Amino acid sequence: MEGALTARDRVGIQDFVLLDETTEAAFLSNLRKRFSKDLIYTYIGTLLVSVNPYKQLDIYSHKLMDVYKGVNFFELPPHIYALADNAYHTMLTEFNNHFILISGESGAGKTEASKKILQYYAVSCPSTTLLNTVRDKILMSNPVLEAFGNAKTLKNDNSSRFGKYMDIQFDSQGGAVGGHVLNYLLEKSRVVHQNHGERNFHIFYQLVEGGEEELLRRLGLERGGQRYHYLTQGGGAAVSSIHDRNNWKTVKNALQIINIDKINTNHLFGTVASVLHLGNVGFGRDARGCAVLSGDDAELLWVSKLLGVDAQSLREGLTCRKIEANKEQVLSPFTVDHAIYARDALAKAIYGQTFTWLVNRINESMENKDLSRKNVIGLLDIYGFEVFYVNSFEQFCINYCNEKLQQLFIQLTLKAEQEEYEAEDIEWESVQFFNNKIICELLEEKHTGIISLLDEECLRPGDATDLTFLERLEDKMSNHPHFVTHKLADKVTRKTLERGDFRLLHYAGEVTYCVVGFLDKNNDLLYKNIKDLICQAKNAIVRESFSTMDSDTRRRPETVATQFKSSLLKLTEVLVKKEAWYIRCLKSNESKQPGHFDEALIRHQVKYLGLMEHLRVRRAGFAYRRIYEVFLKRYKPLCPATWPHWRGLPADGVEVLVQHLGYLPDEYRMGRTKIFIRHPRTLYATEDAYEKCKHELATRLQAKYKGYKAKGKFKRQKEAATKIETCWRGVQARKEREKRAWAVKVIKKFIKGYMTRGQARNTENSEYLAFVRQNYLNRLKGNLPETVLDKTTWQSPPAVLAETSELLRQLHSRLMVRRYVRGITPQRKAQLHLKAVTSSIFKGRKDSYPQSVAQPFVDTRIGEQDVDIRALQMIGHEHIQYGVPVIKYDRNGFKPRARQLVLTQTAAHLIDDAKVKQRVLYTSLKGISVSNLTDCIIVFHITCEDPKQKGDLVMQCDPLFEFLTKLSVIANKQNAISVVQGSIKIDIQAGKESAVDFSSGPEAEVCRAKNGHLLVVSTRARTR
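Residues numbered from 1 in each chain as written. Predicted model: local features only at pLDDT ≥ 70, side-chain atom pairs only at ≥ 80, totals over all residues. Heavy atoms only, no water.

S.K.: Explanation requested: the overall build of the chain in the structure shown.
M.R.: Summing up its helical and strand segments, the chain has 35 helices and 31 strands in all. Along the longest, intermediate and shortest principal axes, the C-alpha atoms of the chain span 140 × 105 × 70 Å. When contacts within the chain are restricted to residue pairs at least 6 apart in sequence, long-range pairs at least 24 apart make up 63% of them. When the accessible area of the chain is evaluated, it comes to approximately 52800 Å², of which 52% is carbon and sulfur surface. The averaged location of the 120 negative side-chain charges in the chain is 12 Å from the averaged location of its 147 positive side-chain charges. (Helix = DSSP H or I, 4+ residues; strand = E, 2+ residues; numbered from the N terminus. Contact = heavy atoms within 4.5 Å. Areas by Shrake-Rupley, 256 points an atom, 1.4 Å probe, with all protein chains shown as cover. Lys, Arg positive; Asp, Glu negative; His and termini not counted. Charge placed at Lys NZ, Arg CZ, Asp CG, Glu CD.)

S.K.: Can you walk me through the sheet that holds strand 30 (residues 1005–1008) in this structure?
M.R.: Either a parallel or an antiparallel arrangement is found when strands of a sheet pair, and the pairing is made through backbone hydrogen bonds. Spatially, the four strands line up as an open sheet ordered 28-29-31-30, and their pairing is mixed. The open sheet has two edge strands with one neighbour each: strand 28 (983–989) and strand 30. Across the sheet, the mean angle separating the axes of adjacent strands is 20° when strand polarity is ignored. (Pairing = 2+ DSSP bridges. Axes fitted to C-alpha atoms, helices over the stretch in contact; angles between N-to-C directions.)

S.K.: What should I look at first to understand the nonpolar core in this one?
M.R.: One broad rule of soluble globular proteins: the nonpolar side chains tend to lie buried together. The biggest cluster of nonpolar side chains holds 110 residues, and the ones touching the most others in it are Ile100, Tyr121, Phe148 and Phe204. With residues near it in sequence (within four places) discarded, Ile100 still touches Leu83, Ile117, Tyr121, Ile377, Gly378, Leu379, Leu380, Trp581 and Ile583. In this structure, Ile398, Leu443, Leu575 and Leu615 belong to the second largest nonpolar core, which totals 67 residues. (Core = buried A, V, L, I, M, F, W, Y, C linked by side-chain atoms within 4.5 Å. Buried < 20%, exposed > 50% of the residue type's maximum accessible area, 1.4 Å probe, protein only.)

S.K.: Looking at this structure, I do not really get the layout of surface pockets. What am I missing?
M.R.: To find leftover empty space, one rolls a probe the size of a water molecule over the atoms. If you add up the space inside the second largest pocket, you get close to 1800 Å³. Lining the second largest pocket are 48 residues; nearest its centre among them are Thr90, Glu94, Trp581, Tyr624 and Arg626. Where the lining of the second largest pocket is concerned, the elements lending two or more residues are helix 4 (80–94), helix 16 (393–423), strand 16 (579–587), helix 26 (611–620), strand 17 (624–627), helix 27 (628–635) and helix 29 (680–755). In terms of residues, the lining of the second largest pocket owes the most to one element, helix 4, which gives seven residues. Split by residue class, the lining of the second largest pocket holds 21 nonpolar, 13 polar and 14 charged. (1 Å grid on protein atoms, 1.4 Å probe; cavity = no way out; pocket = protein on both sides within 12 Å on 5 of 7 lines; lining within 4 Å. Points joined across faces, edges and corners; volume = space filled by probe spheres on them. Nonpolar A, V, L, I, M, F, W, Y, C, P; charged D, E, K, R; others polar.)

S.K.: In this structure, what is going on with the state of the cysteines? I would like to understand it.
M.R.: What is meant by a disulfide is a covalent connection between two cysteines, made through their sulfur atoms. Under the definition given, this model contains zero disulfides. Not engaged in a disulfide, the cysteine Cys397 finds its nearest cysteine sulfur in Cys401; these two sulfurs lie 9.5 Å apart. Looking at Cys440, it has no disulfide partner, and the nearest cysteine sulfur is the one in Cys401, 10 Å off. On the basis of relative accessible area, Cys440 is assigned to the buried category, the value being 1%. (Disulfide = S-S within 2.5 Å.)

S.K.: Would you mind showing me how to read the sheet that holds strand 24 (residues 925–931) here?
M.R.: Taken in spatial order, the eight strands line up as 23-22-21-20-26-25-24-27 in an open sheet, and their pairing is mixed. In this open sheet, the two edge strands, each paired with only one partner strand, are strand 23 (915–921) and strand 27 (977–980). Adjacent strand axes in the sheet meet at a mean angle of 35°, parallel and antiparallel pairs treated alike. Strands strand 20 (882–889), strand 21 (896–903), strand 24, strand 25 (937–942) and strand 27 of the sheet are contacted by helix 35 (residues 960–971), whose axis makes an angle of about 25° with strand 25.

S.K.: Which parts of the structure should I look at to understand the packing of aromatic side chains?
M.R.: Aromatic ring pairs are reported here in terms of the distance separating the ring centres and the angle at which the planes meet. Under the criterion given, the structure shown has 32 aromatic pairs. Where Phe631 meets Tyr635, the ring centres are 4.8 Å apart and the plane angle is 55°; that geometry is what we call tilted. Placement of both Phe631 and Tyr635 in helix 27 is noted, with a separation of four residues, approximately one turn of the helix. Overall, the relative accessible area of 1% leaves Phe631 in the buried class. Assessed through its relative accessible area of 2%, Tyr635 is described here as buried. Through a chain of ring-to-ring contacts, three or more aromatic side chains come together here, namely Phe393, Phe396, Phe469, Phe483, Phe502, Tyr513 and Phe518. Of note, Lys116 hangs over the ring of Tyr60, and the distance from its end group to the ring centre comes to 4.4 Å. Its end group placed over the ring of Tyr754, Arg757 keeps NZ or CZ at 4.0 Å from the ring centre. (Phe/Tyr/Trp six-rings, centres within 6.5 Å; stacked < 30°, edge-to-face > 60°. Lys NZ or Arg CZ within 6 Å of the ring centre and 35° of its normal.)

S.K.: Mind showing me how you'd approach the confidence of the model for the chain here?
M.R.: Low-confidence regions, as indicated by low pLDDT, have predicted coordinates that should not be scrutinised in detail. Model confidence for the chain is summarised by a mean pLDDT of 86, while 95% of its residues fall at 70 or above. When the criterion is pLDDT under 50, residues 1–9 qualifies, and its contacts beyond four places in sequence or with other chains add up to 24 contacts. (pLDDT = per-residue confidence, 0-100.)

S.K.: Sorry, what's going on with unusual backbone geometry here?
M.R.: Residues apart from glycine generally show negative phi values, whereas peptide bonds are mostly found in trans. Note the cis peptide between Trp643 and Pro644, where omega equals 0°. At Asp425, a residue that is not glycine, the phi angle is positive and equals roughly 60°. The residue Asp425 is located in the loop between helix 16 and helix 17 (437–444) in this model. Since its relative accessible area comes to 56%, Asp425 is described here as exposed.

S.K.: Got a minute to help me understand the pattern of salt bridges in this structure?
M.R.: Note on pairing: side chains with opposite charge can pair once their charged atoms come close. In this structure the tally under the stated criterion is 44 salt bridges. With its nearest N and O atoms 3.4 Å apart, the salt bridge here joins Glu767 to Lys749. You can see Glu767 sitting in helix 30 (residues 766–782) and its partner Lys749 sitting in helix 29, a full 18 residues away along the chain. What makes Lys749 partly exposed here is its relative accessible area of 40%. Look at the salt bridges and you will find they share partners, linking Glu24, Arg32, Glu599 and Arg603 into a network. (Salt bridge = Lys/Arg side-chain N within 4 Å of Asp/Glu carboxyl O.)

S.K.: Even after reading the chapter, I still don't get helix 2 (residues 24–36), so can you show me in this structure?
M.R.: Residue pairs spaced three or four apart in an α-helix point in one direction, given the helix's 3.6 residues per turn. Helix length check: helix 2 (13 residues) gives 18 Å between terminal C-alpha atoms against 18 Å at 1.5 Å per residue, within 8%. What helix 2 keeps buried is the set Ala26, Phe27, Leu28, Asn30, Leu31, Arg34 and Phe35. Once helix 2 finishes, Asp38 follows within two positions and takes phi at roughly 60°, a positive value. (Expected span 1.5 Å × (residues − 1).)

S.K.: Would you take a moment to explain empty space enclosed by the protein for this structure?
M.R.: Applying the stated criterion across every chain yields a total of four cavities of 30 Å³ or more. The space that makes up the largest cavity amounts to roughly 60 Å³. In this structure, the largest cavity is lined by Leu118, Tyr121, Ala122, Arg135, Ile138, Leu139, Ile168 and Ala176. Those elements that place two or more of their residues in the lining of the largest cavity are helix 5 (110–124) and helix 6 (129–149). Class assignment of the residues belonging to the lining of the largest cavity gives a composition of seven nonpolar, no polar and one charged.

S.K.: What exactly am I supposed to notice about helix 32 (residues 826–842) here?
M.R.: An ideal rise of 1.5 Å per residue puts 24 Å on 17 residues; helix 32 measures up with 24 Å between its terminal C-alpha atoms. All of the buried residues along helix 32 are Gln831, Leu834, Lys835, Val837, Thr838, Ile841 and Phe842. The buried residues of helix 32 occupy an angular sector of 155° when the element is viewed end-on, so they sit on one face. Exposed side of helix 32, more than 90 degrees from the buried face: Pro826, Lys829 and Ser840 are the residues found there. Of the surrounding secondary structure, the elements contacted by the buried residues of helix 32 are helix 33 (849–852), strand 24, helix 35 and strand 27. Trailing helix 32 by a residue or two, Gly844 shows a phi angle of about 80°, which is positive. (Arc of directions from axis to C-beta.)

Pasting the structure below:
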């Protein structure tokens, strides 16, 4: 029934639940076996484990999508399509919401996994014009969000630098009718700073590498990113795996599909360009040590133009801070460091608000206007756990997010699993697992957590710095087992920590964070005078984005960490209400080498993703559970005792049902409110039986209903038929009488017409003659001759149509002749001309002529390339018109010799290898003789005025008719060719004669006769 549950793969096991041993070594060994054969997917029950192969595999075709469509989860080998399809069909069957949580380290393939799921839904969902439009928008939102939200990091060339949760909305028929995207914590600091070997967001490089020359000129940009400060800090602009120019075209096309018009597209690219120009604005010190713009104002003017703000006001906002004192505004000059901070803060704010605007526009484009209830499948593609050489505030937030997701995983799988078993009073083998609640509380606990302490330090009056924040952490968390600093560490650990670092023991392992920049990045403040200026920008996107920001200057805005914490709590609330599906992505190695399996790295990921705990739960527990009422309602047709109604308690009914189905005692357990089934194969066997039974029940119901309806209909029809028959028979009898009277009249008129058919046309025979004409023309229409030569097919006409028939025959013959003539090509026409010449010479005169008619003539049988170059030189400049191989018979003794005979415009040349043996001028050729039999002998009669001159020429030429026809046309010798009976006299030389005698025999033969003549014996011609 299901190969994945009952049989082993060619290598490894498809489902870890079927491993003989649930040890880590067996787990990794199975994973390695499958990975070595490019089998990157493996199940743990319904959880999918995916190992990044770092190469393209041919396992994502439309054909494979069709294979996985609508099949049971374990019926085919593990695949991401199987999980996507099962989530989809479960949603349609149970009318509830689902989400797919894709987790793993950065570079493990989470983003690619979400793409494959979206592509599968795009192909497998019902298709209409409206649904296709929504599908295209959902698919094309991906390249846009990747361009603006993804970047190259040390571990991943396409790392998501923001969290994305996408809800795909489906109607009751399963069609994708809408979508919605939630984004979390865009890494805005990447806009102004990148670590060595990393890049800024993709869109910057796509714009300067792929943008059209006119667009770059309009934005004030130059090709390549070498001159832009914000693009050169990481030193990794060119990456072999990233094709910026091609991706630029994809992004532009995607913006059109998600309904961003040309004006907003220009504003969007202008905003991106303004960030690049802003990064090139430099600062110096004046005499007082205050910040002033260095160099010319070109970059500032471009920023002013692209954002649509006043250049002088922008200069003032970047170099001064406006302070209100006693209702008066005072400008406080910046130092150079403060000016750089203000510039970078503005760049980050512009990019961050633009990204939020872009997400909102995508949501508007995908929004479903129909307010009826929709089911959704959510895709959570969020940054993976990150550990870099230097970990800052961004890594702290990202790893906090992963802690929350791990806690959600524990809550929804491991812990919830055990709690449900205990609540149902099912025996349970306890599974020990690490509960990371202690780490989440360390990070987010109100008043005492790291985020709360960070916010307090940001809000605290006085000289608050990153180091004072670290001191507060040391003071509040000195005894926490998952927190350590240089001050709190023992001697051995202290050697691995700098004084400005703190280390957290996450569920995934230890991570050391550098506190430098924590307060600034958490504050992420934009000075009021700059904010007010940007709110007045003429760039519609910038103005719209900043107008939504909190304008209340008296209340300090929430910090970045607090906003992120609130977003994660809302996300958790959304996910808890949905059915969960899991994809665990693993990196096969750190160097992205295809085929390399780093066991130590894989072991670390297996551990922190909790895969062994999940496996133990699946092995110890039951794969399927349902409330008794639901289970009995669905499967009661399988048992006669429970169908159609069970009168007792649902639990008793389920017990009777499973006994009837033959469940073994170890395959199920009866809980307090639910039945628990251990193996998926047991459930699928039940489901298959139900599907079969359902069709049988439907057939029975249909038969009963159709029988009832048919009986009632039959009775009514029988009564009606009796009444109708009475009336109908009377009507038919009257019609029959009228028909017979009419038939008598017609027959009489036909007989009279036949009897008077030979007379002139009159009233009695006119209709008969018309019938005769029509009948003859109809017969003639279906039997017209198809060729001009067909003289027998024409239908014999009646006497009255003899003249008409002859005229029609002549017209039809002319029509066929015209069609035939018009269809003749120039080449065919020339061929027919030659055949006509041949016919005029040989037809009825030579026995072998009829067999030659069907054989087409060729242009020549010997080309210049077949003739020796020395012979060609002897011929001179005469062009070869025709050439043919012949057998020439000597004049003395008639010995046969193979020669080449070449015709030019003036003479015939007999060639032997490199010599021209004889040249016969056409003017000296007084005649040509052939026999009337089937032989191929030709005699050239040549004028001999000199005794030394050679006499007549005797040759044998297989294509005789072709050769003589060509010769007669070239030399104009049609009248010189004679067909002779008996023998042909030849002049061997002047004054000396001989003859060629011809006869018929059973076998062809050419030899010298006893009388000294040349004897030619030919076979008789076959009659047709």
